[in-house]
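# Secondary and tertiary structure notes
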Amino acid sequence: MPPNPLVSISILVIDDGDHLLACLDSIRANTGGSVPYEVLVVANGAPQSTLLRLRERDDIVLIRSGVNLGFGGGHNWAARFARGAYLLLLNDDSTVETGWMDSLVKTATGHPGAGAVGSRVLYPDGRLQEAGGIIWRDGSSERIGRFLPPGTVEFAAIRPVEYCSGCSLLVRREAWDALGGFAPEYFPAYYEDVDLCFRLRESGFDVLYDPSSRIRHLESGSTDQTWRVFVSETNRARFVDRWKEVLDGHEPAPPPGALDAAIFRSARTLDPRPTLLVVDRQPPTTPL
């Protein structure tokens, strides 16, 4: 580990050591040496068998918790040990692609007002899973670009978004500390990353999506679906109660067939810069 890391990568593991080991191997293979970093792994109530496998690695700092602190609590615990100027949250069921971290840091450095920068998230088969996200008036969410081809030109530029999920999210440490990290009321999981992004924007920071940072994510590969739906809906109610006045100004959840227009309207409100309309007989096929 470098003596002065710029980035502290925080990963939680509960029980599935196989996913985590694939994630760690991808970090080692695809994270260049231009940005010094450390990898903090929180064994979030993980069994002894997982701990034994992790103790064999010399490329991580292993932080053990005897109980499951939840998603927010686990990352809050890791932040207490982190030395970097940036905290990079990463799911254990993710694998990263070349340059993923360098791009996030470059974007954050080039946008001093950015409190958080999220990656372009792909499914394992390469389709787009998330290019940032939108929260509707009822607190439900929409992942922008879901199931589209990964190179879809509409999502090939850095832009402000309402939130990026915590499966790969770089947070400026000074902003994280100012807000106290994740709010504890969203234990054990879901909506704490959305709430963090809303608090960042409330405090004057931007939340940006960076298409050049690419990861592949299994999408809830570490959680049971029935449990996930129950906890997500419970925490959505908490989120709506906390942010009701803000959400009253959001778009309502669109009916089927109207999603694209609603996403455009919601995305437009986040960027106050003037809009330039370019009329051409043939749309571009590569990023501008």
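The model shown is predicted, which means the values in this text are computed figures rather than measured ones.

Further remarks concern the packing of aromatic side chains. Geometrically, a pair of aromatic rings is defined through the distance of the ring centres and the angle of the planes. Applying the stated rule across the entire model yields nine aromatic pairs. Relative to F239, the ring of F198 has its centre 5.1 Å away and its plane inclined at 80°; by these criteria the two rings are edge-to-face. On the criterion of sequence distance, the pair formed by F198 in helix α6 (residues 192–202) and F239 in helix α7 (residues 225–247) is long-range, its members being 41 residues apart. By the burial criterion, F198 is buried, and F239 matches it. Residues F239 and W243 carry aromatic rings whose centres are separated by 6.5 Å and whose planes lie at 40° to one another, so their mutual orientation is tilted. With F239 and W243 both in helix α7 and four residues apart, the pair spans about one turn of that helix. No difference in accessibility class separates F239 from W243, as the two residues are buried. One aromatic cluster in this structure is built from Y191, F198, F239 and W243. For R127, the ring lying beneath its charged end belongs to Y123, and the centroid distance is 5.2 Å. Positioned over the ring face of F198 is R201, at 4.8 Å from the centre of the ring.

Let's shift gears to the pattern of salt bridges. Across all of its chains, the model carries 14 salt bridges by this definition. A salt bridge links R83 to E38; its shortest N-O distance comes to 3.0 Å. Of this pair, R83 sits in the loop between α3 (70–79) and β4 (86–90) while E38 is found in strand β2 (residues 37–44), placing the two residues 45 residues apart along the sequence. Sharing partners across several salt bridges, the network here consists of D25, R28, R57 and D59.

Turning our attention to helix α1 (residues 17–30). Compared with the 20 Å implied by 1.5 Å per residue over 14 residues, the 20 Å span of α1 between its first and last C-alpha is a close match. Residues G17, L20, L21, C23, L24, S26, I27 and N30 constitute the buried set of α1. Looking at the packing, one finds that the buried side of α1 touches β1 (7–13), β2, α2 (48–54), β4, β5 (94–96) and α4 (100–110).

So, on to the nonpolar core. In terms of nonpolar packing, the biggest core is built from 43 residues, with W176, L200 and F239 touching the most fellow members. Ranked by residue count, the leading element in this core is α6, at five residues. Setting aside anything within four residues of it in sequence, one finds L200 in contact with G115, A116, A175, L179, F205 and V207. In terms of nonpolar packing, the next biggest core, distinct from the first, is built from 31 residues, L20, V96, V105 and A108 among them.

Remark: α6 packs on α7, axes separated minimally by 12 Å, with the N-to-C direction vectors making an angle of 35°. When you trace α6 past α7, the crossing you get is left-handed. Contact residues: α6 offers V194, D195, F198, R199 and E202, while α7 offers F239, R242, W243, V246 and L247.

Bringing the environment of L148 into the picture now. Relative to the assigned elements, L148 resides in the loop between β9 (141–143) and β10 (159–160). Residues L148 and G126 lie 22 residues apart in sequence; the distance between their C-alpha atoms is 9.3 Å. Residues within four places of L148 in sequence aside, it is in contact with R127, L128 and F155.

Let us look at α7. An ideal rise of 1.5 Å per residue puts 33 Å on 23 residues; α7 reaches only 27 Å between its terminal C-alpha atoms. Within α7, the full set of buried residues consists of V231, S232, N235, F239, W243 and L247.

Moving on to the pairing of strand β6 (residues 114–122). The two faces of a sheet get side chains in turn, since along a regular strand they alternate between them. Judged by how many residues are buried, β6 sits mostly within the fold: nine of nine residues are covered. Judged from the two bridges that link them, β6 and strand β7 (residues 128–130) form a sheet pairing that is antiparallel. Across the sheet, L122 pairs through a bridge with L128, a residue of β7. Count of turn residues in the β6/β7 antiparallel hairpin: five residues, of which G126 carries a positive phi of about 100°.

Parameters at a glance
- Residues numbered from 1 in each chain as written.
- Predicted model: local features only at pLDDT ≥ 70, side-chain atom pairs only at ≥ 80, totals over all residues.
- Heavy atoms only, no water.
- Phe/Tyr/Trp six-rings, centres within 6.5 Å; stacked < 30°, edge-to-face > 60°.
- Helix = DSSP H or I, 4+ residues; strand = E, 2+ residues; numbered from the N terminus.
- Buried < 20%, exposed > 50% of the residue type's maximum accessible area, 1.4 Å probe, protein only.
- Lys NZ or Arg CZ within 6 Å of the ring centre and 35° of its normal.
- Salt bridge = Lys/Arg side-chain N within 4 Å of Asp/Glu carboxyl O.
- Expected span 1.5 Å × (residues − 1).
- Contact = heavy atoms within 4.5 Å.
- Core = buried A, V, L, I, M, F, W, Y, C linked by side-chain atoms within 4.5 Å.
- Axes fitted to C-alpha atoms, helices over the stretch in contact; angles between N-to-C directions.
- Left-handed = near helix turned anticlockwise from the far one by under 90°.
- Pairing = 2+ DSSP bridges.

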